[in-house]
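Each chain, letter by letter, is given below.
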Amino acid sequence: MGDSSASYIHMVQHLIEKCLIFHMTKEECMEALSKHANIKPVITSTVWNELEKENKEFFEAYAQSQSKAERMSEEETSQMIQKMISDSSKDSDD
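Quantities reported herein were computed from a predicted structural model and do not represent experimental measurements.

Procedures and definitions
- Residues numbered from 1 in each chain as written.
- Predicted model: local features only at pLDDT ≥ 70, side-chain atom pairs only at ≥ 80, totals over all residues.
- Heavy atoms only, no water.
- Helix = DSSP H or I, 4+ residues; strand = E, 2+ residues; numbered from the N terminus.
- Buried < 20%, exposed > 50% of the residue type's maximum accessible area, 1.4 Å probe, protein only.
- Contact = heavy atoms within 4.5 Å.
- Areas by Shrake-Rupley, 256 points an atom, 1.4 Å probe, with all protein chains shown as cover.
- Axes fitted to C-alpha atoms, helices over the stretch in contact; angles between N-to-C directions.
- Parallel < 35°, antiparallel > 145°, perpendicular 65-115°, else oblique.
- Nonpolar A, V, L, I, M, F, W, Y, C, P; charged D, E, K, R; others polar.

Trainee: I'd love a proper account of the overall build of the protein, names of residues and values included.
Mentor: Scanning the protein from terminus to terminus reveals five helices and zero strands. Along the protein, helices and strands appear, N-terminal first, in the series α-α-α-α-α. The buried share among the 94 residues of the protein stands at 28%. Contacts in the protein between residues at least 24 apart in sequence constitute 64% of all its contacts with a sequence separation of at least 6. A total of about 6,400 Å² of accessible surface is found on the protein, and carbon and sulfur atoms cover 52% of it.

Given below as structure tokens:
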């Protein structure tokens, strides 16, 4: 694995963290990153699983706190992901 692979994984991790902020499930995150950032679901799933292993307590609490009322609509989520992707690309241009 070269530096580009590590930076790609780091970018996926960053986007997953954004999904967590929006109270998305793993499946919703996989779908959103596939649709909006062209990241294969298997990549998102693998990085998510590694994050879960490293942060067991957080993900247990996260799973318990998930509720439909806390989630954003699909349209709001789509807009937020588009914004974070454009912000992310601006950051990498610097």
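Trainee: Can you lay out the packing of helix α1 (residues 3-21) against helix α3 (residues 41-54) for me, pointing to particular residues and giving the numbers?
Mentor: Contact geometry of α1 with α3 gives a least axis separation of 10 Å together with a crossing angle of 75°. The orientation of α1 with respect to α3, classified from their angle, is roughly perpendicular. Two secondary-structure elements touch here, α1 through Tyr8, Ile9, Val12, Gln13, Ile16 and Leu20 and α3 through Ile43, Thr44, Val47, Trp48 and Leu51. Residue composition of the contact of α1 with α3, by class: nine nonpolar, two polar and no charged.

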